Amino acid sequence: MKPVRAAGLLATMLLVGCAVTVNDQALPGKNRVALWQSKLVIAHRGASGYLPEHTLAAKAMAYGQGAHFIEQDLVMSNDGHVVVLHDHYLDTVTNVRDVFPDRRRADGRYYVVDFTLAELRRLAVYERFKVSDGTRIAVFEQRFPLEKSSFRIATFAEEIELIQGLNQSTGRSVGIYPEIKSPAFHRREGKDISVAVLEVLKTYGYDERRDDVFLQCFDANELQRIRGELFPVMNMTVPLVQLIGTGPEFRAALTAEGMKSVASYADGIGPSMQLIVAPDSVAGNLKTTSLVQLAHDQGLVVHPYTFRRDLLPVYAEDYDALLEIFLNDIGVDGVFTDFPDLTVEYIESNL
Ligand code: G3P
Ligand code: CA
């Protein structure tokens, strides 16, 4: 058994109370390899190719598989807790419509911010699904089955305690990669999610640039507020990553001038992979953009999303080929992946 696979199995066993030892690996971390020097494996919502996204089980598995950083998408509850969920809605990953059928808004959605943490804890978390004729249909059919086992929503603090606990018990230094979701929406709901997230980070010792954290957001105005207003008053500074999607609102960031502007408040970018290689490229004839070079010219690290074995672009014949294009040929600095094990294995074998 390969070391990373053994580690994955062992860390998963931690959840059921087994005493284990896990291989120490060369990982980025405080006083060790600089954050900026490695090809980083960022577990996208955990080992979400194998277990329901953003559950503590998926995070423990990602840890055991050798991920260097583990991602947390963050939203807020009605009573001010920061919880780990991809959306500010509950209806695509939980049984909220069964438990609280009367709590949907006029648009038919169930909003996290309408529920207290105690209420959120009553919900079961499932593999991501769509609803068709009242029936849940898994988005990824081959992944963890719907409505099996038992998973719950975790707070940001609980997840940090899991990762820091594993760092202590294994001697490794795995980092966190939180994303502030929908700051404008939260503000309209009376919540300052950025302040809430920074308070949790500071409580758990993530407040300096050298700490094992990248803080990401799609909202450029919010990142500039964090850098210019919140960091000084909270006496903290951690690396910031500007996420870049494929929508028209991000077009300005894709130029040399735009990248220079991003570099004035951020330390890296997290672009959709489609902004680096056009999705209609064909194998052997890739349409590669200059985005990575523009970012590197400004000293920004580049961590594209999302690398999935079960959702490959047409130009990649398999998952390793996709990693080779981005990590080896183009030279990105890390990837968000649903499959940390395969990505660690590729990097250990090829780079
Ligand atoms: O944060 C990087 C990547 O996760 C962005 O996409 O929608 O999965 O949060 P999303
Ligand atoms: Ca994210």
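Structure's up top.
Residues numbered from 1 in each chain as written. Chains lettered and ligands numbered in written order. Predicted model: local features only at pLDDT ≥ 70, side-chain atom pairs only at ≥ 80, totals over all residues. Heavy atoms only, no water.

A. Main features of the packing of helix α5 (residues 156-170) against helix α7 (residues 193-203). Packing of α5 against α7 leaves a shortest axis separation of 10 Å and a crossing angle of 30°. In terms of orientation, α5 and α7 fall into the roughly parallel class. In terms of crossing hand, the pair formed by α5 and α7 is right-handed. On α7, the residues touching Phe156, Ala157 and Ile160 of α5 are Val197, Val200 and Leu201. (Axes fitted to C-alpha atoms, helices over the stretch in contact; angles between N-to-C directions. Helix = DSSP H or I, 4+ residues; strand = E, 2+ residues; numbered from the N terminus. Parallel < 35°, antiparallel > 145°, perpendicular 65-115°, else oblique. Left-handed = near helix turned anticlockwise from the far one by under 90°. Contact = heavy atoms within 4.5 Å.)

B. Region of the structure containing the site of ligand 1. Neighbouring ligand 1 are the residues His44, Arg45, Glu71, Asp73, His86, Glu179, Lys181, Gln216, Phe218, Leu243, Tyr305 and Phe336. In this structure, Lys181 approaches ligand 1 through a side-chain N or O atom, which is 2.8 Å from an oxygen atom. Gln216 places a side-chain nitrogen or oxygen 2.5 Å from an oxygen atom of ligand 1. The protein chains hide 91% of the 280 Å² of surface that ligand 1 would expose on its own. Looking at the shell around ligand 1 residue by residue, the class counts come to 4 nonpolar, 3 polar and 5 charged. (Near = heavy atom within 4 Å. Polar contact = N/O pair within 3.5 Å; in protein donor to acceptor, adjacent residues only side chain to side chain. Areas by Shrake-Rupley, 256 points an atom, 1.4 Å probe, with all protein chains shown as cover. Nonpolar A, V, L, I, M, F, W, Y, C, P; charged D, E, K, R; others polar.)

C. Quick look at the pattern of salt bridges. Under the definition given, this model contains 24 salt bridges. Here Arg143 ties to Asp310 by a salt bridge, and the two come within 2.8 Å at their closest N and O atoms. Of this pair, Arg143 sits in the loop between β5 (135-138) and α5 while Asp310 sits in the loop between β10 (301-302) and α11 (319-330), and the two are 167 residues apart along the sequence. The class of Asp310 is partly exposed, set by a relative accessible area of 32%. A salt bridge links Glu222 to Arg187, with the shortest nitrogen-to-oxygen separation between them at 2.5 Å. Of this pair, Glu222 sits in helix α8 (residues 220-234) while Arg187 sits in helix α6 (residues 183-188), placing them 35 residues apart in sequence. Each of the salt bridges in this network shares a partner with another, and the network as a whole consists of Arg45, Glu53, Asp73, Asp87, Arg128, Glu179 and Lys181. (Salt bridge = Lys/Arg side-chain N within 4 Å of Asp/Glu carboxyl O. Buried < 20%, exposed > 50% of the residue type's maximum accessible area, 1.4 Å probe, protein only.)

D. Spotlight on the packing of helix α2 (residues 56-64) against α5. Where α2 meets α5, the closest approach of the two axes is 10 Å, and the angle between their N-to-C directions is 30°. Classified by the angle their axes make, α2 and α5 are roughly parallel. Pair α2 / α5 crosses with right-handed handedness. Note on element contacts: α5 touches α2 through Glu159, Leu162, Ile163, Leu166, Asn167 and Thr170, opposite Leu56, Lys59, Ala60 and Tyr63. Looking at the contact of α2 with α5 residue by residue, the classes come out as 6 nonpolar, 2 polar and 2 charged.

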